[in-house]
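Breakdown of the fold
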Amino acid sequence: MIRLLAILPLFIVFFGFGQKAYIETAVSSSRISSVQPLTYQIQTDCDCNIEPPDFSDFDVLDRQPGQSSYTMNINGKVTNVCTSTLTFVLRPKKKGKITIGEATAKCENENKTSEDVTVTVVDADELHKANEGVASYYFKLVSNKQSVYVGEPFTLTMYLYSEKLPENINNIVKGDALGLTRHPLYNERDPGHTFTRYEQNVKGKKYQVIELTKEVCFADHPGTIDISAYYGSAVESYSIWENKYMDGYSNSLQIKVKEVPVDKPENYYGMAGEFEITHEISKTSVVANHAIDMNVTISGTGNFHLLKTPEFNFPKDSFMVTGPEIERNLTQSEEGATGSVNYHYVITPTKAGEYLILPYSFSYFDWNDKQMKSVSTHDILLTVAKGNETFMVTNNSSNGEEATETDIRYIHTTSAEFFTDADFLFGRLYFWLGVTGPLGFFFVLLIIKRRKSKKSEEEIKAAEQKVAKRSTVKDIKKLKRLEGIEGVNELKRALEEYFMVNLDVGRSALSRNNIIQLLDKKGVNTSIIQTFGEIWDKLEMARYAPISSQNMSELYDKTEALIQDLNRQL
């Protein structure tokens, strides 16, 4: 855990006592990497106003004021001491030596200025190389391939190398990587997850190596993909006085992505791996207005996240096609997703005739054979016989109800009336209500059920998003009783789950930049996006500097307002 140098309290006791006008500054480290945030703190007396220095060489990620007071008793003389602090979390914009100018404390009788502070910002990868086999712990990001074709899978694995086995893994934040689709191979946040561990000698030093996270990745386009450094935090030891942490950044990576080395057919849309396609149809000879079922199954291993729904050329004026209902049975592996996706269609021909349905096909790149291959269904020849005219389902029917002939004609052979009409229930209103009521109720249930089954993936997602929009605000209200790192982690989790549902992304894509780009594409107001960035940065930086109860309460309120604003725009 990054900490401020423990010098400011000493200045209060030995320097601030008896002299109100003073100002002191401290930084978390005088040497940082280019991806490492810097904590800068100013401290003075409560009666003084603080004017911070120029931070033009940094991005200001957070700004937190603070105040504390206590009483000192020295040789019977009681003195009240009150200190005011202003803490900034900064991210350097450049490498090299950066000088932070003087800060000013404007007090009642005089002003005081601090000394300049110089910070050296070094290349993150250079610092990582210098730490390998030397530092007591460091983090490392590894790819199993340095060069891939578009759609070819590769893995990213983050490790912690430590001389001492940590007591707990505290946090993992994955770096940005535009143009890359990532799928986690396990949920490292699952309380039941066990981290893989082994020993390894590096430059003669023995390390405990812990696999923190592992993902299978697919490049979406050719070129060079820059993968930013990952962040990791672990608990070295727990103590009643102060917990010790191991935290820091890994190296960054570059992956070269090559275009597929073969010609692309028209039905190629980026699929890569190895696939098969099969289809089944319940019957090929059918009477008009009677439904048939068709199942299409695509199985194999590869980048299933790009798979498109099969489309067939059923004439719209002669067929009603509902669905498909989609059933996925996939597991992630280092080769990509493995398993199958099944599409179920309900097809109802409305006109008699003979119809040839052309096959559906798609091409994919086999990265093992370095060849373009294709899979296809077969032709489907459907013979539709003329149906019963008194039993029709038409395209003009909005609810799919059936029209039947119900007229009954009676033959009268005598005019003698033994009974009057009032003596009979048959044929009267109550009779028809009793006969047709249950049947009508059955059809209503059938229509409702079929409408539910016809819901598209988009409708299902929309329903899930509607639930998430309501529940996230309620969840945040419940979280307000939590404080400190527990509250930060739960608030971050609620925010992540909200974006996973409403932006339709996986957890591995939940980086600050990715979310901002997706919100911008959806036309979200710039001020709302800016508010999101501020909240995300505060949650990220909360692990570097303690967050007060007041600031935590403000963060809850600000996040709740953000979700409400997003609900009105998404």
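Residues numbered from 1 in each chain as written. Predicted model: local features only at pLDDT ≥ 70, side-chain atom pairs only at ≥ 80, totals over all residues. Heavy atoms only, no water.

With that settled, consider the state of the cysteines. Scanning all chains against the criterion turns up two disulfides. Paired through a disulfide, Cys46 and Cys82 show a sulfur-sulfur distance of 1.9 Å. Between Cys46 and Cys82 the sulfur-sulfur dihedral comes to about -75°; the bridge is accordingly left-handed. With Cys46 in the loop between strand S3 (38–45) and strand S4 (49–51) and Cys82 in strand S6 (residues 77–92), this pair connects stretches of sequence that are 36 residues apart. On the basis of relative accessible area, Cys82 is assigned to the partly exposed category, the value being 23%. For Cys48, the disulfide goes to Cys107, at an S-S distance of 2.0 Å. (Disulfide = S-S within 2.5 Å. Helix = DSSP H or I, 4+ residues; strand = E, 2+ residues; numbered from the N terminus. Buried < 20%, exposed > 50% of the residue type's maximum accessible area, 1.4 Å probe, protein only.)

Either a parallel or an antiparallel arrangement is found when strands of a sheet pair, and the pairing is made through backbone hydrogen bonds. If you walk across this open sheet you meet the three strands as S4-S8-S9, and the pairing is antiparallel. Both outer strands of the open sheet, S4 and strand S9 (111–113), are each paired with one neighbouring strand and no more. Going across the sheet, the axis of each strand differs from the next one's by a mean of 20°, ignoring polarity. Of the strand pairs in this sheet, strand S8 (residues 104–106) and S9 are connected by three bridges, and their pairing is antiparallel. Along S9, the bridge assignment pairs Thr104 with Thr113. (Pairing = 2+ DSSP bridges. Axes fitted to C-alpha atoms, helices over the stretch in contact; angles between N-to-C directions.)

Turning our attention to the pairing of strand S22 (residues 268–281). Here two bridges tie S22 to strand S28 (residues 361–366), and the two strands are oriented parallel to one another. Bridging across to S28, Ala272 finds its partner in Phe365. Alignment of S22 against strand S24 (residues 292–302), held across nine bridges, turns out to be antiparallel. Looking across to S24, one finds that Glu280 is bridged to Asn295.

Okay, the packing of helix H6 (residues 512–521) against helix H7 (residues 526–541) next. In the contact formed by H6 and H7, the axes pass within 10 Å of each other and the chain directions differ by 165°. One way to sum up the angle between H6 and H7 is to call them roughly antiparallel. The two elements H6 and H7 meet at a crossing, and its hand is right-handed. Contacts from Arg512, Ile515, Ile516, Leu519 and Asp520 in H6 reach Ile529, Phe532, Gly533, Trp536 and Asp537 in H7. Across the contact of H6 with H7, the residue classes break down as six nonpolar, one polar and three charged. (Parallel < 35°, antiparallel > 145°, perpendicular 65-115°, else oblique. Left-handed = near helix turned anticlockwise from the far one by under 90°. Contact = heavy atoms within 4.5 Å. Nonpolar A, V, L, I, M, F, W, Y, C, P; charged D, E, K, R; others polar.)

Moving on: the sheet that holds strand S26 (residues 336–349). Reading across from one edge, S25-S26-S24-S22-S28-S29 is the order of the six strands in this open sheet, with mixed pairing throughout. Each having just a single partner strand, strand S25 (319–333) and strand S29 (371–376) make up the two edges of the open sheet. Across the sheet, the mean angle separating the axes of adjacent strands is 25° when strand polarity is ignored. Inspection of the sheet shows S24 paired to S26 by 11 bridges, in the antiparallel sense. Bridging across to S26, Gly302 finds its partner in Ala337.

Checked against the element boundaries, Val262 lands in the loop between strand S21 (253–258) and S22. When sequence neighbours within four positions are dropped, the list of residues in contact with Val262 reads Phe365, Lys370 and Met372.

Among the nonpolar cores identified, the biggest contains 29 residues, and Phe499, Ile515, Leu519 and Leu566 are the most heavily contacted of them. In contact with Phe499, other than residues within four places in its own chain, are Asp504, Val505, Leu510, Ile515, Leu519, Phe532 and Leu566. The next biggest cluster of nonpolar side chains, apart from the first, holds 28 residues, and it includes Val296, Phe319, Tyr345 and Ile380. (Core = buried A, V, L, I, M, F, W, Y, C linked by side-chain atoms within 4.5 Å.)

On to the confidence of the model for the protein chain, then. Mean pLDDT for the protein chain: 82, with 79% of residues reaching 70 or above. Here helix H1 (residues 8–16) stands out as the element of the protein chain with the lowest mean pLDDT, 42, in contrast to strand S13 (residues 153–162), whose mean of 97 is the highest. Predicted confidence for residues 390–416 stays below pLDDT 50, and this span has 26 contacts to residues more than four positions away or in other chains. (pLDDT = per-residue confidence, 0-100.)

This part is about unusual backbone geometry. The amide bond that connects Gly323 to the next residue, Pro324, takes the cis arrangement and shows omega of 10°. When you line up the elements, Pro324 lands in strand S25. If you check the backbone angles, Asn289 has positive phi at about 75° while not being a glycine. Its place among the elements puts Asn289 in the loop between strand S23 (285–287) and S24.

Looking now at the packing of aromatic side chains. On inspection of all chains with the given rule, the structure shows 22 aromatic pairs. Here Phe275 and Tyr364 contribute two aromatic rings whose centre-to-centre distance is 5.3 Å and whose plane-to-plane angle is 80°, an arrangement assigned as edge-to-face. Pair noted here: Phe275 is in strand S22 and Tyr364 is in strand S28, with a separation of 89 residues, a long-range link. One exposure class covers both Phe275 and Tyr364, and it is buried. A connected cluster of aromatic rings, assembled from ring pairs, spans Tyr269, Phe275, Phe304, Phe312, Phe314, Phe319, Tyr345, Tyr355, Tyr360, Phe362 and Tyr364. In this arrangement the basic side chain of Lys308 is found over the ring face of Tyr269, its NZ or CZ atom lying 4.7 Å from the centre. (Phe/Tyr/Trp six-rings, centres within 6.5 Å; stacked < 30°, edge-to-face > 60°. Lys NZ or Arg CZ within 6 Å of the ring centre and 35° of its normal.)

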